[in-house]
Amino acid sequence: LGRTTMDGSSGLALSSVSRLATLLELLRPFNGLMAAVAVLVGAFVSRSPVNWGPALAGAAAAFAAAGAANSLNDSLDAVSDGINRPGRPIPSGRLSVVAARWVAAVCSAAAIALATAVGPGGAALVFAWLVLMALYSVAWKGVPLLGNVAVALVASTPFLMGGFSQVNYLPAVMPCGLAFLVHLAREMVKDVEDVEGDEAAGTRTFAVRLGAGAGLLAARGVLLVLIGLAALPFAFGVYGWGYAAVVGVIDIVLLWLMVSMRSDSKATGLGRPSSVLKGVMALGLVAFVVGVLTS
């Protein structure tokens, strides 16, 4: 009897851990963490003594909003994910569509509640994020470029949330603009990587309509614009030499990626190009911080 109880308790514990792991996989915590850190960086670049209370609330709101967006999107992408990413919680059968939508609803409510501590600007921004992501997931994903722009806007504006948490939000606008270009290029690349599943699901993305080659050409064009614009903050003395050093590394990675990407999105020598661009985003956060510290 004792052994049976222990076995049952052990099985229950393992089941609970498995459910938690599945939930975290649905939320994609790395994406949420990136958004949260971007909020804190947006507060830091305000160049005034940082009020960390509202900044941390904004960071938590961004994390929750990212979880809401990922959960809702996955609940509507079961068909394409079954081909492109069959190991994700819903296509693998570890989580139901209904459960994912409940998670999205809870995360949305948490994001709005947390954003109220930032102020009216923060609350309005979170509401805009949730509306844009709902529109993207339900209607805009298959509209060439519109869906990409919507995702890029949401993903780049956590910097602005950080600005709203401080006295002056204007210094956060420049990081937003540069981050928008990185996210837009990444969304275009992801469309190329996901062509097979999107075609099966009837999602007519830019890459599906015009081909993988056109999709990567558009992404390369955005990255070229980014490389040019990223030099301006240092050239005009907004950020110091530390920014220039990190951006130099980013530019080398981007140029390498642009040359290495193939039209079939496979065997680039860099893994999935979208993953490389996620790493570039992390380096960008470092660039803004050290740019302020060395200015």
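Residues numbered from 1 in each chain as written. Predicted model: local features only at pLDDT ≥ 70, side-chain atom pairs only at ≥ 80, totals over all residues. Heavy atoms only, no water.

**Thoughts on the environment of N70**
Next up, step 1: Locating N70 in the fold gives a position in helix α3 (residues 52-76).
Next up, step 2: Take N70: its relative accessible area is 12%, and that puts it in the buried class. (Helix = DSSP H or I, 4+ residues; strand = E, 2+ residues; numbered from the N terminus. Buried < 20%, exposed > 50% of the residue type's maximum accessible area, 1.4 Å probe, protein only.)

**Things to note about the pattern of salt bridges**
Next up, step 1: Tallied over the entire structure, the rule returns six salt bridges.
Next up, step 2: Among the salt bridges present, the one from D74 reaches R28, with a minimum N-O distance of 2.9 Å. One end of the pair, D74, is in helix α3; the other, R28, is in the loop between α1 (2-27) and α2 (29-44), and 46 residues separate them in sequence.
Next up, step 3: The class of D74 is buried, set by a relative accessible area of 2%.
Next up, step 4: Here D74 makes a salt bridge to R88, at a shortest N to O gap of 3.5 Å. Of this pair, D74 sits in helix α3 while R88 is found in the loop between α4 (78-84) and α5 (97-115), placing the two residues 14 residues apart along the sequence.
Next up, step 5: Since its relative accessible area comes to 19%, R88 is described here as buried.
Next up, step 6: Through salt bridges with shared partners, one network takes in R28, D74 and R88. (Salt bridge = Lys/Arg side-chain N within 4 Å of Asp/Glu carboxyl O.)

**A look at the environment of A61**
Next up, step 1: Structurally, A61 is set in helix α3.
Next up, step 2: A C-alpha to C-alpha distance of 27 Å links A61 and D81, two positions 20 residues apart in sequence.
Next up, step 3: If near-sequence neighbours (up to four positions away) are discounted, A61 is found in contact with A111, L114, A115 and V126. (Contact = heavy atoms within 4.5 Å.)

**Digging into the packing of aromatic side chains**
Next up, step 1: In the structure shown here, the tally under the stated rule is five aromatic pairs.
Next up, step 2: By the ring-pair criterion, three or more aromatic residues cluster together here, those being F159, Y239, Y243 and F288. (Phe/Tyr/Trp six-rings, centres within 6.5 Å; stacked < 30°, edge-to-face > 60°.)

**What to know about the packing of α5 against helix α6 (residues 120-140)**
Two measures define how a pair of helices packs: the angle their axes make with one another and the distance between the axes.
Next up, step 1: Across the interface, α5 lies against α6 with an axial gap of 8 Å and an inter-helix angle of 160°. When the axes of α5 and α6 are compared, the pair comes out roughly antiparallel. Crossing geometry of α5 relative to α6 is assigned as right-handed. Counting all contacts with α5, which are made through S108, A111, I112 and A115, the residues of α6 involved are G122, A123, V126 and L130.
Next up, step 2: For the contact of α5 with α6, the residue count by class is six nonpolar, two polar and no charged. (Axes fitted to C-alpha atoms, helices over the stretch in contact; angles between N-to-C directions. Parallel < 35°, antiparallel > 145°, perpendicular 65-115°, else oblique. Left-handed = near helix turned anticlockwise from the far one by under 90°. Nonpolar A, V, L, I, M, F, W, Y, C, P; charged D, E, K, R; others polar.)

**Concerning unusual backbone geometry**
Next up, step 1: Located in the positive-phi region is R28, a residue other than glycine, with phi close to 55°.
Next up, step 2: Among the residues examined, R28 registers a relative accessible area of 17% and is labelled buried.
Next up, step 3: Residue R47 is not a glycine yet carries a positive backbone phi of 65°.
Next up, step 4: With respect to the helices and strands, R47 occurs in the loop between α2 and α3.
Next up, step 5: Overall, the relative accessible area of 43% leaves R47 in the partly exposed class.

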